[in-house]
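Topology and contacts: notes
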Amino acid sequence: MPDTPQTIAVVGTSVFAAFLAGLLAGHHSKDVVLIASVASPHRLPRSISLSVAPVLRPETWQVAIAQWPETRKLLARIGPEIVSRTDPVIAASGLEAETALSHLRHLAAGFGFATEPVAPAPGDGTNAIRMRDVEWIDHIWLSTYLPAWLETTGVRSILPQVAQLSIKRDGSGRIEDRSVDCVILADDDAMIAHIAPEILAEVAQTTSALAVLSEPSPRQSMAHVMRLDSATSIYQQADGSLLCHALDPDGFGETRIANAFAASANTRQAARVRYERLLSHDGAPLIGSMRQFRVWTMSALGGLDLTLAPMLARFVAGVASAEEMEWCVARRPTRSFDRSSVAELALKAHERAA
Amino acid sequence: MTLNRRLIQTGAADFSRPVVDLHQPIRFHLDGREISGYAGDSVLSAAIANGIDTAGMFRNSPVALDTHSAPPVALKGNERRPDLAMPMALCPAIDGARYVTRGRRMRRSPLGQITQVLRGRQNSLDLDLNSGLSAPVLWMQTPAAQALSADIVVIGGGIAGLAASLEAAKHKASVILVDRNPTLGGIAALFGKVEGQMPPAELIADLTRQISDHPSIAVFSGTEVFEIADGTAHAIRTVTENGAPRPERLAISGKHIVMATGTEERLPVFPGNRLPGVMGSGFAWSLAAHYGIWPRENVHLHTLTGAGYRLALLGTDSGQTIKRISDPRYEPQTRFIDYAKAYGFRLSWGREIDNVSFTGRMGARLAIVHRDSERHVVVGDPVLTDGLIISGGWQPALSLWLGAGGTVTWNSRTGQVVATGSCGNVVLAGSVAGFLSAPGCQQSGVAVIDWLLLGNEATIEDPQIDPMFETTDSALTVAPPMTGNMAPAFLSPGPATLCLPEPQTNRLYKFIASPTPNVISSLPRALSDLDLIGALATGTINGDELEIIARERCILPRGLRAQQGKMPGLLPASDPMPTYLIGRFGSNQTLWSLSTGSGRIFDPGCLVFANSDDRSPLSAVGVIVRQDTTERPLALMAHTGLGEGDTIFVRDGLVSVPAWLGERF
């Protein structure tokens, strides 16, 4: 694969994959093919995206804060009402999680975000803080506008069942009779579909997750709750419905959601999907090519995926700044996961015993 | 209530054997109103017979009371017991009982209440439907009172379900047959006989007689399966003990589950399509056949199918007035049209309904505006009528299939969502599997059992009348959305209350406003197969998206279940150094104890700086990790050249606290 690829296949159905593809084509003049299943705004979002997320590495805070104004402008050009303000309540219980929450609070304050303890916290035996003035990126709205924007950038979208993608060991690929310099697996589904399980297991654990959309419920003072100890997220949308995500390796995903947010208990479900998610071994993103199978990955970015997308597009295009390059290179999948110097809070999923 | 819409005498064979006993009048109360009925009535049928035709209000517009909109009911005193709520359509009307409906009521000011009475809206259950119609959540989360099992569980007592039950019993299998209606047979009789075939009514009577004679078939009529999960059908029925009805949850497991749920009726999309007085032909036929109820004396019949003409004939045979029949098809052919002409119906072909609204005129409650099917322009004067029966065509009843995890696809040729693939131990038979004729459904029921029990595959003949003589059903028609004071145009009769969005007529608003996101994204409700049909017909979704939407949104709307106690942790216990601090201050970072003059205790995460005015985490030289056993703060520090006794500053909130490096670990 050349250092600066000209033809790129971005694989992934997430809004992040589409956004990245559009940026590579529209801003970096790459010839981009997006290989994605049917894009539908009705598809339940598999993740959430924020301007800043509960991460525990100062350098990640720095790149996110530096990148956000540009990302915000780009999103505003794609469509209105994609970004809105939120004051997430970040909760944790258990020694490890509560310690991490305390670290997070001081990091956020150090970067100028107002934080305050929340009492009573959502859930028993829980500590929580509220972080002010975070911005929420609405995946449903974004996916409504993305197809039209992708057209303007010149990205060609192909359904995976229509064109067979083959990936070579050097990370280049072939779509039908056409070669591409670089294949980027830009979400968890794409990585799970295209990387052999034994190779994937070197960098991440595959686990089940649950996304639920509820019927509208009364407005809550805590309209957005995230739990550090279980990666559970509940966000109350403008119409009162709750968009919920939880890990579900043990079948307790629904209970995690209901327990995390008192108002969600007994709220009727309107949509629900169980899907596979990757947890990198050190909780940090996976950016760059794999060790044996040199396909590019952009995964495990958590809530910062869309925020960091313009920087990641520059990284792929070879025009990232030295600081950006350093941040990305430190998170390449070939790093050592044992005592990783970029590790975040690393969750481990344990399947329920049969 | 004094209104009564019973067919006391009828010449229509379909309606001659209702389950109600007209010699046993009863009286009961519903939400404080006295209702008259007959033994055998359900609370829903008796309410409708007494003129209660409105479930409640949705966006300031009344919504018709039917099986989709009927709320759960409970005996008075049990209002707060969700476990004692019963489906209104399955709950028997008991003489002297006092029932209350469950659901959010419309909030009205005293003046509003007076206006309500003056407007004569006592015919409404007065529910607030703005947050959606009732879903079976009240009983879906209660534990099953009875666990039953059989070799074969058959859901649906139409021709296919009856044939499957008999075939299974013939092969010595134990069978449980579950049907939501009070009598077996489904709605096949509505479609009438076809030359050269046994009339459906006779076929049903014959199969039903054989079923009742068979000891290995247990029949559960009036029992509704609301979910199939893990190979078990979960159902609700009502049982009456000591003169009081109560709900009973059943869990029915079987080696195989045969879903013979038949079809559901589609709803053409136009403003006012769920106004009180508007009714589907299937529901109208069921009310008449089971309970001897005809909705209104003077009705207009709008049909996209041949069966609609037959219903008009049945209504006339029962002494009711059919003012007119409209049909979006041009020159439709059906074996019933000659009769329709002979009966003197006014027939309007090539006419869709543009909208329906209430009219203030006495004796004619609805005004139906038609438009030309091809040119899409309004034609003729509004038709004034007391009621409107719509035969909108049929959709395989796949809600249970979807809820069980079955997959579907869009058949654009038939305009139906159809099942694909397999789904655990669930198999489809009859019209839900796509068979149309009575012999086809019967053979399908037999063939499914032979395949399950014997491994035999059979060819099923599904004879169809040549379209030259029986025009195929029209595609679902879609009129422009509501404007002004029109009632909403619902996409389906289902509980999700999806509507066509009202167009924005203000030019300035159109210019500055963003495009409205699709109605499904902005309306969070679980969907049914009928919602999918309406959404597809209106272009709200496209066929490519169907699989995703069906998988994610066609679910049973359960409540999220909280649980006391600790959840299994997903965060492993870390060694003394949390993962996110590894290498945080370089490879030579070290742990130091700190001393403060005040003995101050710091939270983990407080940042340590070399200068008192620093605050950026990027210039931090350390971070507080924890307190040691003597409550001295321990800090993880960068290799800075600082040594024991040197001053550093710990930022704790807004203040910077001086501290001194103590022992290095």
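Residues numbered from 1 in each chain as written. Chains lettered and ligands numbered in written order. Predicted model: local features only at pLDDT ≥ 70, side-chain atom pairs only at ≥ 80, totals over all residues. Heavy atoms only, no water.

As recorded by an unreviewed UniProt entry, chain B carries the name FAD/NAD(P)-binding domain-containing protein and is attributed to Pelagibacterium lentulum.

A few words now on the nonpolar core. Of all hydrophobic cores here, the largest spans 102 residues; its most connected members are Trp61, Ile184 and Leu312 of chain A. Counting residues per element, this core draws most heavily on helix α1 (residues 15-26) of chain A, which supplies 10 residues. Not counting residues within four places of it along the chain, the set of residues in contact with Trp61 of chain A comprises Val52, Ala53, Val55, Leu56, Leu104, Leu107, Ala108, Phe111, Phe113 and Met131 of chain A. In this structure, Ala289, Leu301, Ala312 and Val356 of chain B belong to the second largest nonpolar core, which totals 78 residues. (Core = buried A, V, L, I, M, F, W, Y, C linked by side-chain atoms within 4.5 Å. Buried < 20%, exposed > 50% of the residue type's maximum accessible area, 1.4 Å probe, protein only. Helix = DSSP H or I, 4+ residues; strand = E, 2+ residues; numbered from the N terminus. Contact = heavy atoms within 4.5 Å.)

The subject of this paragraph is the UniProt feature "transmembrane region" (unreviewed entry) in chain A. Feature annotation in UniProt assigns "transmembrane region" (unreviewed entry) to the following positions: residues 6-25 of chain A. Secondary structure across residues 6-25 of chain A comprises 55% helix and 25% strand; the distance between its end C-alpha atoms is 10 Å. (UniProt positions renumbered as here; feature names shortened; annotations may be inferred.)

Let's shift gears to the UniProt feature "domain: FAD/NAD(P)-binding" (unreviewed entry) in chain B. The sites that UniProt annotates as "domain: FAD/NAD(P)-binding" (unreviewed entry) are residues 151-273 of chain B. Strand forms 40% of residues 151-273 of chain B and helix 21%; the C-alpha atoms that close the span are 43 Å apart.

All names here are of chain A. Counting buried positions along strand β7 (residues 127-131) yields 4 of 5 residues, so the element is predominantly enclosed. Sheet topology note: the strand β5 (residues 89-92)/β7 ladder contains 4 bridges and is antiparallel. Bridged to Ile90 within β7 is Ile129. For strand β6 (residues 115-117) and β7, the ladder comprises 3 bridges, and the chain directions are antiparallel. Across the sheet, residue Glu116 finds its bridge partner in β7, namely Arg130. (Pairing = 2+ DSSP bridges.)

Attention now goes to empty space enclosed by the protein. Residue and element names in this part refer to chain A. Evaluated as defined, the whole model comprises 1 cavity of 30 Å³ or more. One number sums up the size of the largest cavity: a volume of about 40 Å³. Residue lining of the largest cavity: Pro45, Ser47, Ile48, Trp136, Ile137, Asp138, His139, Ile140, Gln237 and Leu243, and that is the complete set. Those elements giving two or more residues to the lining of the largest cavity turn out to be β8 (134-137) and α4 (139-153). Looking at the lining of the largest cavity residue by residue, the classes come out as 6 nonpolar, 3 polar and 1 charged. (1 Å grid on protein atoms, 1.4 Å probe; cavity = no way out; pocket = protein on both sides within 12 Å on 5 of 7 lines; lining within 4 Å. Points joined across faces, edges and corners; volume = space filled by probe spheres on them. Nonpolar A, V, L, I, M, F, W, Y, C, P; charged D, E, K, R; others polar.)

Attention now moves to the confidence of the model for chain B. Residue and element names in this part refer to chain B. Looking at chain B, pLDDT values average 89 and 93% of them are 70 or higher. By mean pLDDT, the top-scoring element of chain B is strand β10 (residues 175-178) (98), and the lowest-scoring one is helix α11 (residues 507-512) (45). Predicted confidence for residues 507-514 stays below pLDDT 50, and this span has 6 contacts to residues more than four positions away or in other chains. (pLDDT = per-residue confidence, 0-100.)

A word on the pairing of strand β22 (residues 378-385) of chain B. Residue and element names in this part refer to chain B. Inspection of the sheet shows strand β21 (residues 366-372) paired to β22 by 5 bridges, in the antiparallel sense. From the neighbouring strand, Ile368 faces β22, where its bridge partner is Val383. The hairpin formed by β21 and β22 contains 5 residues between the paired strands, and His376 there has a positive phi angle of roughly 55°.

On the secondary structure map, Thr267 of chain A appears in the loop between α7 (253-260) and β18 (269-280). Look at Thr267 of chain A and you get buried, because its relative accessible area is 9%. Once residues within four sequence positions are removed from consideration, Thr267 of chain A is found in contact with Ser214, Glu215, Ser217 and Leu242 of chain A together with Arg558, Gly559 and Leu560 of chain B.

Right, let's talk about the domain arrangement of chain B for a bit. All names here are of chain B. On domain assignment, one finds that chain B holds domain 1 (1-138), domain 2 (143-260 + 429-454) and domain 3 (579-664). Put simply, the middle of domain 1 and the middle of domain 2, counted by C-alpha atoms, are 28 Å apart. If you look at the interface, domain 1 gives 14 residues, while domain 2 gives 15 residues. Across the interface of domain 1 and domain 2, roughly 1100 Å² is buried in total on both sides, 75% from carbon and sulfur atoms. Remark: the boundary between domain 1 and domain 2 carries 0 salt bridges. Between the two partners, domain 1 and domain 2, sit 1 residue pair in polar contact (both at pLDDT 80 or more). Residue composition of the side of domain 1 that touches domain 2, grouped by class: 11 nonpolar, 1 polar and 2 charged. (Domains from an automatic or database assignment. Buried area = accessible area lost by both parts, 1.4 Å probe. Salt bridge = Lys/Arg side-chain N within 4 Å of Asp/Glu carboxyl O. Polar contact = N/O pair within 3.5 Å; in protein donor to acceptor, adjacent residues only side chain to side chain.)

A few words now on the packing of aromatic side chains. According to the stated counting rule, one finds 11 aromatic pairs over all chains in the structure shown. With a centroid separation of 5.6 Å and an interplanar angle of 5°, the aromatic rings of Trp61 of chain A and Phe111 of chain A are classed as stacked. In this pair, Trp61 of chain A sits in helix α2 (residues 58-78) while Phe111 of chain A sits in the loop between α3 (95-110) and β6, placing the two residues 50 residues apart along the sequence. Take Trp61 of chain A and Phe111 of chain A: they sit in the same class, and that class is buried. We note Arg274 of chain B situated over the ring of Phe490 of chain B; from NZ or CZ to the ring centre the distance is 5.0 Å. (Phe/Tyr/Trp six-rings, centres within 6.5 Å; stacked < 30°, edge-to-face > 60°. Lys NZ or Arg CZ within 6 Å of the ring centre and 35° of its normal.)

The partner chain A presents 70 residues to the 63 residues of chain B that form the contact. In this assembly, chain B packs against chain A so that about 5500 Å² is buried in total across both faces, 59% of it on carbon and sulfur atoms. When residues of chain B are sorted by the area they lose upon contact with chain A, Leu560, Leu570 and Tyr580 of chain B head the list and together hold 18% of the total. For the interface between chain B and chain A, the tally reads 3 salt bridges. Measuring nitrogen to oxygen at the nearest pair gives 3.6 Å for the salt bridge that ties Arg105 of chain A to Asp603 of chain B. Inspection of the region where chain B meets chain A yields 15 residue pairs in polar contact (both at pLDDT 80 or more). Mapped onto the side of chain B that touches chain A, the elements with two or more residues apiece are α12 (519-522), α14 (546-553), β30 (622-627) and β32 (647-652) of chain B.

This brings us to the packing of helix α4 (residues 159-170) of chain B against helix α10 (residues 438-454) of chain B. Residue and element names in this part refer to chain B. Where α4 meets α10, the closest approach of the two axes is 7 Å, and the angle between their N-to-C directions is 35°. Two packed elements cross with a definite hand, and for α4 against α10 that hand is right-handed. Contacts between α4 and α10 involve Ile159, Ala160, Ala163, Ala164, Glu167 and Ala168 from the first element and Ala438, Cys441, Gln442, Gly445, Val446, Ile449, Asp450 and Leu453 from the second. Its residues placed into classes, the contact of α4 with α10 shows 10 nonpolar, 2 polar and 2 charged. (Axes fitted to C-alpha atoms, helices over the stretch in contact; angles between N-to-C directions. Left-handed = near helix turned anticlockwise from the far one by under 90°.)

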